Amino acid sequence: MADSGSNYQQRFDALSSALEQIVVHLNAAGEVTDVRAGDAQWLHPDVLLTRTFSSLFSSDISAHIDAQIESALASREPQKLLVSMNPEHSLDWREAGLTDAQVWDTRVVAVNDDELLWIARDIADAKRSEQKAITLAQRDPLTGAYNRRALMTILKQSVAQAKRYDWVCSFLKIDIDHFSDINSTHGLDAGDRVLQAFVQAMQNFKRTADFFARFSDDAFVMFLPETNHDQALLAAERVRRLAENLEIDFEDVTLKITVCIGSATLQDTEDSAEDILKRAEENLFIAKQSGSNRIEGESDA
Ligand SMILES: Nc1nc2c(ncn2[C@@H]2O[C@H](COP(=O)(O)OP(=O)(O)OP(=O)(O)O)[C@@H](O)[C@H]2O)c(=O)[nH]1
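Residues numbered from 1 in each chain as written. Predicted model: local features only at pLDDT ≥ 70, side-chain atom pairs only at ≥ 80, totals over all residues. Heavy atoms only, no water.

Asker: Sorry if this is basic, but what is going on with the nonpolar core here?
Answerer: A general feature of soluble globular proteins is that nonpolar side chains tend to end up buried together. Formed by 31 residues in total, the largest nonpolar core has its most connected members in Leu 172, Ile 174, Ile 176, Phe 198 and Met 222. Of all elements in the fold, only strand E6 (169–176), helix H6 (179–186), helix H7 (188–205), strand E8 (219–225), helix H8 (229–245), strand E9 (248–250) and strand E11 (259–265) reach the threshold of two or more residues within this core. A total of 9 residues in this core trace back to one element, the largest contributor, which is H7. Ignoring any residue separated from it by four or fewer positions in sequence, one finds Leu 172 in contact with Phe 220, Val 221, Met 222, Leu 224, Ala 232, Ala 235, Ala 236, Val 239, Ile 261, Gly 262 and Ser 263. Ranked by size, the runner-up nonpolar core spans 29 residues in total, among them Val 32, Ile 61, Ile 69 and Leu 98. (Core = buried A, V, L, I, M, F, W, Y, C linked by side-chain atoms within 4.5 Å. Buried < 20%, exposed > 50% of the residue type's maximum accessible area, 1.4 Å probe, protein only. Helix = DSSP H or I, 4+ residues; strand = E, 2+ residues; numbered from the N terminus. Contact = heavy atoms within 4.5 Å.)

This is how it looks when you write it as structure tokens:
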């Protein structure tokens, strides 16, 4: 039995009133014939009515929307498009009530040759949570420094790039001397404070292109792009002095630290991030064997 126009309208009204999404009804010319705001309470539908839908967007987005509509009419398959909406980029959407930046997960479906539905859901919150989760997964919660997982990803990428472009690069492995003594003498909170103060000082000290991460308990790694062996030893000396000069207030005491540092530099195209890190660790071990507050570089570099 053929569906009467009023039955269809009733069903469309019932369905769109139950949806959280914005639903925009378009004709084949791409003009807005009806708008349902869903959960978007900010949206004043009248502003959009009778307008050519794609013209409501900035030129870079409108071309994609036109293509989305064309593909939906041609294929009869739902066409997806992710649209980043900023009220500053569209006077029309601002007039329609948009005040905050949104990320719309959109679908266009052709109902028949003359009608389409454009359906949009804001996923900005989900995107923000996803970004926060990624940030958390890369950071050490105590100090806020990058963690070992983030470090290894960056080291592998950076070493591959250095080899491809014939650049040089170096690693420093830094370890706080007798850190467990701070914990046992002043308590774990004092140890925590030392780690936080050292990271803070290193973040202020390092160059923008350097990458600094907490590797394990009281050990850290600094990646130095475009830095040869001699320059790495100079950087290590500056780190050593920075640590030596730190004065860390904790309750009624001022805590002092020193560090040992092992340095290693990319040698040839066979060298990997793991190899360089291993050599920096071996050099750190030699420095530690010789005492505290020391630096060890590569003997044959
Ligand atoms: N306060 C605090 N202590 C930690 C944390 N993570 C690890 N530790 C402690 O750090 C200490 C590291 O000990 P070691 O690796 O022997 O280091 P060290 O005492 O500096 O010894 P050397 O490296 O030989 O000078 C251990 O006692 C761990 O329990 C942390 O997040 N906070």
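The discussion continues.
Asker: Would you mind going over the sheet that holds strand E7 (residues 211–216) with me for this structure?
Answerer: Sheet strands pair by backbone hydrogen bonding; their relative direction is either parallel or antiparallel. The strand order E7-E8-E6-E11-E12 describes an open sheet built from 5 strands, whose pairing is mixed. At either end of the open sheet lies a strand with only one pairing partner, and these are E7 and strand E12 (295–296). In this fold helix H5 (residues 148–164) packs onto E6, E7 and E8, with an angle of close to 130° to the strand it touches most, E7. Strands in contact with H8 are E6, E8, E11 and E12; relative to E11, the strand with the most contacts, it is inclined by about 165°. (Pairing = 2+ DSSP bridges. Axes fitted to C-alpha atoms, helices over the stretch in contact; angles between N-to-C directions.)

Asker: Looking at this model, I keep getting lost on the layout of surface pockets. Mind explaining?
Answerer: Summary: where empty space remains is shown by rolling a probe the size of a single water molecule over the atoms. Empty space within the largest pocket amounts to approximately 250 Å³. In terms of lining, the largest pocket is formed by 14 residues, of which the most central are Arg 207, Leu 224, Thr 227, Ala 235 and Arg 238. Mapped onto the lining of the largest pocket, the elements with two or more residues apiece are E8 and H8. The biggest single contributor to the lining of the largest pocket is H8, with 4 residues. (1 Å grid on protein atoms, 1.4 Å probe; cavity = no way out; pocket = protein on both sides within 12 Å on 5 of 7 lines; lining within 4 Å. Points joined across faces, edges and corners; volume = space filled by probe spheres on them.)

Asker: Explain the packing of H5 against helix H9 (residues 273–289) to me, please; I cannot follow it from the model alone.
Answerer: Packed helices, taken two at a time, are described by their axes: the angle between them and the distance between them. As a packed pair, H5 and H9 sit with axes 9 Å apart at the nearest point and diverge in direction by 115°. Compared by their axis directions, H5 and H9 come out roughly perpendicular. Taking contact as the criterion, the partners of Met 152, Leu 155, Lys 156 and Val 159 in H5 are, on H9, Ala 273, Glu 274, Ile 276 and Leu 277. The residue inventory of the contact of H5 with H9, partitioned by class, reads 6 nonpolar, no polar and 2 charged. (Parallel < 35°, antiparallel > 145°, perpendicular 65-115°, else oblique. Nonpolar A, V, L, I, M, F, W, Y, C, P; charged D, E, K, R; others polar.)

Asker: What's the story with the site of the ligand in this structure? I'm lost.
Answerer: Near the ligand there are 16 residues, and of these His 178, Phe 179, Ser 180, Asp 192 and Asp 218 occur at the shortest range. Take His 178: an N or O atom from its main chain is 2.7 Å from an oxygen atom of the ligand. Relative to its unbound accessible surface of 660 Å², the ligand loses 64% to contact with the protein. Contributing elements (two or more residues each) for the shell around the ligand: E6, H6 and H7. The dominant element in the shell around the ligand, judged by the number of residues it contributes, is H7, at 4 residues. (Near = heavy atom within 4 Å. Polar contact = N/O pair within 3.5 Å; in protein donor to acceptor, adjacent residues only side chain to side chain. Areas by Shrake-Rupley, 256 points an atom, 1.4 Å probe, with all protein chains shown as cover.)

Asker: When you look at H9 in this model, what are you seeing that I'm missing?
Answerer: Note that an α-helix has 3.6 residues per turn; residues three or four places apart therefore point the same way. For H9, built from 17 residues, the straight-helix expectation of 24 Å at 1.5 Å per residue is met to within 8% by its first-to-last C-alpha distance of 24 Å. By the burial criterion, the buried members of H9 are Ala 273, Ile 276, Leu 277, Arg 279, Ala 280, Asn 283, Leu 284 and Ala 287. The arc enclosing the buried residues of H9, seen along the axis, measures out at 160°, which places them on a common side. Exposed and oriented more than 90 degrees from the buried face of H9 are Lys 278, Phe 285 and Gln 289. Residues of H9 that are buried sit in contact with H5, E6, E7, E8, E11 and E12. Directly beyond the C-terminal end of H9, a positive phi value near 135° is found at Gly 291. (Expected span 1.5 Å × (residues − 1). Arc of directions from axis to C-beta.)

Asker: What is the right way to read the packing of aromatic side chains from this model?
Answerer: Aromatic rings considered in pairs are described by the distance between their centres and by the relative angle of their planes. In this structure the tally under the stated criterion is 14 aromatic pairs. Plain terms: the ring middles of Trp 104 and Trp 118 are 5.8 Å apart, the flat faces sit at 80° to each other, and that makes the pair edge-to-face. Here Trp 118 lies in strand E5 (residues 115–122) and Trp 104 lies in strand E4 (residues 102–110), a separation of 14 residues in the sequence. Given a relative accessible area of 0%, Trp 104 falls into the buried group. Residue Trp 118 is classed as buried on the basis of its relative accessible area of 0%. Three or more aromatic residues link up through ring pairs in this structure, and these residues are Trp 42, Phe 53, Phe 57, Trp 93, Trp 104 and Trp 118. (Phe/Tyr/Trp six-rings, centres within 6.5 Å; stacked < 30°, edge-to-face > 60°.)

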